[in-house]
Amino acid sequence: MQVGYSAEDEVFRLTLREWFESHFPRFLQQWAGRPDPNDLTWRRAWEDYVCQSGWSGLGWPEKWGGKAWPLTRQAIFHEEQARIGAPLGVNIIGHGILAPTLIHFASDAQKARYLPGILSNHDVWCQGYSEPGSGSDLASLSTRAEKRGDCYVLNGHKIWTSFAHIADYCFVLARTDANAQRHKGISFFLVDMKSAGIRVSPIQQITGENDFNEVFFEDVEVPLDALVGQENEGWRLAMAAASFERGTYFIPRLVRFAQEVQSLHQLAASTPTAQGSSAAHDPHMRRELAKLAVDSHILRLKGYRALTNALRAGPPGAEGSSTKLHWSEAHQKLMNISMELLSERALQGSTGKDAQAALWVRDYLWTRAETILAGTSEVQRNILAEQMLGLPKS
Ligand SMILES: Cc1cc2nc3c(=O)[nH]c(=O)nc-3n(C[C@H](O)[C@H](O)[C@H](O)COP(=O)(O)OP(=O)(O)OC[C@H]3O[C@@H](n4cnc5c(N)ncnc54)[C@H](O)[C@@H]3O)c2cc1C
């Protein structure tokens, strides 16, 4: 059994590595502000640079301006980008979730209208699914879309909508048939965020940042051709979109996890103990660091397995839930250990007095969200129990 990429893919990797290693420092030099991995302007600027350099639409068909790369090469691209420490983009929802959904389900007119804006990164997209009363149980959503003349009229309230405050467009799930079975009365719409009647209200996170928002729709008129697929078939599209989300979404995060295990090692090595030694020699800490190194290795292997399955059988299925669950919980463990090491320094970090500690504190706080976003840990366990282990529904 071969674990890893083919020799040709490794040659391909070197070409990409060369590009990132020469262009990322060049980009940094041109950047006037402080390169802050959590600053959306900075993240957007690097994403624009990459897309405008032609590294966009990696898996799309050539007909729509894409490169038609197989998943392995897309994975290598994301690995190499994460390896140089480049920030994650702000249009990940547009590139990673919406574009493949449009390619599979939209009309040619819709593809021609919306794909170029994603390819160039001109148009940032957000995802309007969750509502105050509908998160894990998404099919209970109550935002309505009523057909009136030559448009649909949307009314409802979405929440936790990442990037809505900077997005140009939102893909929205709304109920078009109140009398149908829950999953069968939902449709999938492409909505211009400049439409009259949309109000975006930012939510401040525990990290102090604002990545997500509430979005209110009040008599928002959207044209009939904003409907993707057939009316009342939105659930099928939403499920397909979720499987694309699990496709290459975790690759940069798994690379970053391995880098963070290294950084944690360095933090332990530079943290003195009461006995005058370094925390890296403490037996408890050595055991915790070893467990994280094992997690990192297993996650990498899971990544390869998901990739192989996807190459053979299409978008990843329930095994994507296993990677998401494992990564998000291991990441929280990693950050908990960083707090244990920093001890009182973490307090200095949270008041901004210790710059290195501040970065760890921010990431520690952010990892609280990771067992919730893209499906909570409990929901991932349900999926694994029912779909992989074949256990009965409770
Ligand atoms: C950082 C972040 C970004 C997000 N971005 C977006 C976005 O861009 N667009 C969007 O639409 N949404 C987004 N979300 C929302 C996210 O999808 C929901 O938070 C998630 O689906 C959970 O829904 P909920 O918050 O309503 O919790 P609930 O579904 O109310 O769950 C509450 C608790 O009950 C548990 N629970 C629920 N159902 C079950 C069950 N059947 N079995 C066992 N336990 C269960 C859950 O695990 C959880 O612990 C984001 C969330 C976060 C944290």
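The rules we used
- Residues numbered from 1 in each chain as written.
- Predicted model: local features only at pLDDT ≥ 70, side-chain atom pairs only at ≥ 80, totals over all residues.
- Heavy atoms only, no water.
- Helix = DSSP H or I, 4+ residues; strand = E, 2+ residues; numbered from the N terminus.
- Rg over C-alpha atoms; globule rule 2.2 N^0.38 Å.
- Buried < 20%, exposed > 50% of the residue type's maximum accessible area, 1.4 Å probe, protein only.
- Contact = heavy atoms within 4.5 Å.
- Areas by Shrake-Rupley, 256 points an atom, 1.4 Å probe, with all protein chains shown as cover.
- Lys, Arg positive; Asp, Glu negative; His and termini not counted.
- Charge placed at Lys NZ, Arg CZ, Asp CG, Glu CD.
- Domains from an automatic or database assignment.
- Buried area = accessible area lost by both parts, 1.4 Å probe.
- Salt bridge = Lys/Arg side-chain N within 4 Å of Asp/Glu carboxyl O.
- Polar contact = N/O pair within 3.5 Å; in protein donor to acceptor, adjacent residues only side chain to side chain.
- Nonpolar A, V, L, I, M, F, W, Y, C, P; charged D, E, K, R; others polar.
- Phe/Tyr/Trp six-rings, centres within 6.5 Å; stacked < 30°, edge-to-face > 60°.

Along the backbone of the protein chain there are 12 helices and 8 strands. Since a compact globule built from 394 residues should have a radius of gyration of about 21 Å, the 22 Å found for the protein chain is in line with a globular shape. Each principal axis of the C-alpha atoms in the protein chain carries an extent, and together these give about 75 × 50 × 45 Å. Burial status across the protein chain gives 50% buried among its 394 residues. The long-range fraction of contacts in the protein chain, counting pairs at least 24 apart against all pairs at least 6 apart in sequence, stands at 72%. Of the roughly 19100 Å² that the protein chain leaves accessible, carbon and sulfur atoms contribute 54%. For the protein chain, the distance from the average site of its 40 positive side-chain charges to the average site of its 44 negative ones is 4 Å.

It is worth spelling out the domain arrangement of the protein chain at this point. Domain assignment breaks the protein chain into domain 1 (7-89), domain 2 (125-232) and domain 3 (250-388). Computed from C-alpha coordinates alone, the two centres of domain 1 and domain 3 are separated by 23 Å. Each partner contributes residues to the interface: domain 1 has 11 residues there, and domain 3 has 11 residues. For the pairing of domain 1 and domain 3, the buried interface totals around 1100 Å² over both sides, and the portion due to carbon and sulfur atoms is 67%. Inspection of the domain 1/domain 3 interface yields 0 salt bridges. There are 3 residue pairs in polar contact (both at pLDDT 80 or more) connecting domain 1 and domain 3. Broken down by class, the residue content of the side of domain 1 that touches domain 3 amounts to 6 nonpolar, 3 polar and 2 charged.

The subject of this paragraph is the packing of aromatic side chains. The tally for this structure, following the rule as stated, stands at 26 aromatic pairs. Plain terms: the ring middles of Trp46 and Tyr49 are 5.5 Å apart, the flat faces sit at 15° to each other, and that makes the pair stacked. Taken together, the residues span about one helical turn, with Trp46 and Tyr49 both in helix H2 (residues 40-52) at a distance of 3 residues. Side by side, Trp46 and Tyr49 carry an identical accessibility label, which is buried.

The next point concerns the pattern of salt bridges. For the structure shown, the criterion picks out 24 salt bridges. A salt bridge links Lys393 to Glu386; the shortest N-O distance between them is 3.5 Å. In this structure Glu386 comes out as partly exposed when scored by relative accessible area, which is 29%. Counted as one network, the salt bridges with shared partners bring together Glu10, Arg13, Arg17, Glu21, Glu79, Glu80 and Arg83.

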